[in-house]
Structure formats: structure tokens, C-alpha cells
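# Observations on the three-dimensional arrangement
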Amino acid sequence: MNRRTAAENEFVLLKKDVDSAFMNKAELQAKVDALTDEISFLRALYEAEINQLQAQVSDTSVIVSMDNRRDLDLDSIIAEVRAQYEEVANRSRAEAEAMYQSRFEDLRMTAGRNGNDLQNSKNEIAELNRIIQKLKGEIECAKSQRAALETTINEAEERGEATVKNAKHKLAELEAALQKAKQDMARQLKEYQELMNVKLALDIEIATYKKMLEGEEHR
């Protein structure tokens, strides 16, 4: 029963750990979803900024092309500005994607560890359930043995009580017979004493008569 109580307590603690792991997993999944949404938003934002910069560059090229007083290589300038903006945008987007990818991998690894811990907890819970079932079987067996022993003890007590009762009855009979025998012995002893007294009186009387007869013969 102590082992069963300890196993149940350990089962409760493991269940709390499993619930906590489920909550952590759900929280991590929510964070992953939020980061994914944020990455998508940043991608859309960067694309919008690139489109806006490209539009500004196009507007600038139009304005510059309309100024005939300047003798400039507008196509090369526009291409250079566009390349610089695209490089900045690509670098920023790559850095953001790398950062969020790193955070996503960290969260994925944490979720994987939690999943492993969860699987280990499930295995431990299954093992504890097996131990609890085994202990329940042992407890049921012990209860059956206890019931059988109680039945045997009750039967032995009943037989013992009957034996003691019979013994007391026989003892009472023996005591009564002993008391009767003592009374008979006392009565017989009294009668014997009375007979001895009578015999003694008769012996004295006989001796007296015998002396009287002897005296008569001497005369």
C-alpha cells in the first residue's frame, strides 16, 4: 500500500509535468506562429518599400530626363541608385530572415526537446500505470489471502470456544465427582472410625471376659 501511494503521488507529479509540457508546447507553437506572421509581414513590408523605391527612382528618372539642360548619364545613375536600394533592401531582408530563422530554429529545437520530454513523461506514466496495475493485483491477492485467513481464524476461534466450553463442562463434572468422592471418603472414614471404636470396645470387653474366665479356672 505504501508503494501504491508513492506511485500515485509520482503519477500526479508526472501528470503535472505533462500538463506543463503541453502548455509550454502550446505557448511555443503560438510564438512560432507569431514569428512566422511577423516574417511574412516584414517580407511584405520590404517588398512594398522596394516597390516604392523603384517608383521613386522611376519618377526621378522621368524628372531628370525632362531636364534637357543637364548632360548626364541618367540611365547609369538610375541603375546605380536602384542597385544600391536593392542591395540595402536585400541585405536587410536577408539579415531579418536569418535572425528570425535562427529564432525559429531555436524555438523548434526547444519544442523538440519538450516533445522528447513529453514522450519520456508518457513512457514513465505508462510504466507507472503498469506498476499500479501490478500493485492492484497484489493488493487484491493480499485481500483474498486476508479474507481466507480471517475465515480460518474465525473457524479456529469457534472450534476453540467449543473445545473450551466442553473442557469447562468436563472440568465441572470432574470437580463435582471429586467433591462427591471426598464426601463419600469422609463418610466412609467416619463409618470406619465408628467401626474401629466398636471393635476397640469389643476387644476390651472380650479381654475382660477372658481374664474373668481365666480367674475362674484358677479357682
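All of these numbers come straight from a predicted model, not from anything done at the bench.

## So, the overall build of the chain
A tally of helices and strands in the chain yields two helices and zero strands. The buried share of the chain, taken over its 219 residues, is 12%. Summed over its atoms, the accessible surface of the chain is roughly 17800 Å², and 56% of this surface lies on carbon and sulfur atoms.

## Digging into a negative patch on the surface
On the surface, a cluster of negative charge is contributed by E155, E157, E158 and E161. Structurally, the position occupied by E157 is in helix α2 (residues 74-218).

## Examining the environment of L14
For L14, the location among the structural elements is in helix α1 (residues 2-66). Residue L14 is classed as buried on the basis of its relative accessible area, which comes to 8%. Expressed as a C-alpha distance, the spacing of L14 and L128, which sit 114 residues apart in the sequence, is 9.7 Å. For L14, the residues in contact, after removing those within four places along its chain, are E124, I125 and L128.

## Describing a nonpolar patch on the surface
Residues L189, Y192 and M196 make up a contiguous nonpolar surface patch of roughly 310 Å² in combined accessible area. By the secondary structure assignment, L189 is in helix α2. For L189, a relative accessible area of 54% gives the class exposed.

## Comments concerning the UniProt feature "coiled-coil region" (unreviewed entry) in the chain
As annotated in UniProt, the feature "coiled-coil region" (unreviewed entry) corresponds to residues 18-45 and 118-198 in the numbering used here. For the annotated span residues 18-45, helix accounts for 100% and strand for 0% of the residues, and the straight-line distance between the end C-alpha atoms is 40 Å.

## Digging into the nonpolar core
If you look at the biggest cluster of nonpolar residues, it comprises six residues: L14, V18, A21, L118, I125 and L128. Mapped onto this core, the elements with two or more residues apiece are α1 and α2. What L128 contacts, discounting residues up to four positions off in sequence, is E10, F11 and L14.

## Digging into the pattern of salt bridges
Applying the stated criterion across every chain, the model contains six salt bridges. Residue K199 is joined to D203 by a salt bridge in which the shortest nitrogen-to-oxygen separation is 3.1 Å. In this pair, K199 and D203 both sit in helix α2, four residues apart, roughly one turn of the helix. Residue classification places D203 among the partly exposed positions, given a relative accessible area of 36%. A cluster of three or more residues bridged by salt bridges with shared partners is formed by K180, D184, R187 and E191.

## Considerations on the confidence of the model for the chain
Looking at the chain as a whole, its pLDDT mean stands at 78, while 80% of the residues score no less than 70. Below pLDDT 50 for its whole length, residues 61-72 participates in four contacts with residues either more than four positions away or in separate chains.

About the criteria used
- Residues numbered from 1 in each chain as written.
- Predicted model: local features only at pLDDT ≥ 70, side-chain atom pairs only at ≥ 80, totals over all residues.
- Heavy atoms only, no water.
- Helix = DSSP H or I, 4+ residues; strand = E, 2+ residues; numbered from the N terminus.
- Buried < 20%, exposed > 50% of the residue type's maximum accessible area, 1.4 Å probe, protein only.
- Areas by Shrake-Rupley, 256 points an atom, 1.4 Å probe, with all protein chains shown as cover.
- Patch = residues over 30% accessible without salt bridge, like charges linked within 9 Å, V, L, I, M, F, W, Y side chains within 5 Å.
- Salt bridge = Lys/Arg side-chain N within 4 Å of Asp/Glu carboxyl O.
- Lys, Arg positive; Asp, Glu negative; His and termini not counted.
- Charge placed at Lys NZ, Arg CZ, Asp CG, Glu CD.
- Contact = heavy atoms within 4.5 Å.
- UniProt positions renumbered as here; feature names shortened; annotations may be inferred.
- Core = buried A, V, L, I, M, F, W, Y, C linked by side-chain atoms within 4.5 Å.
- pLDDT = per-residue confidence, 0-100.

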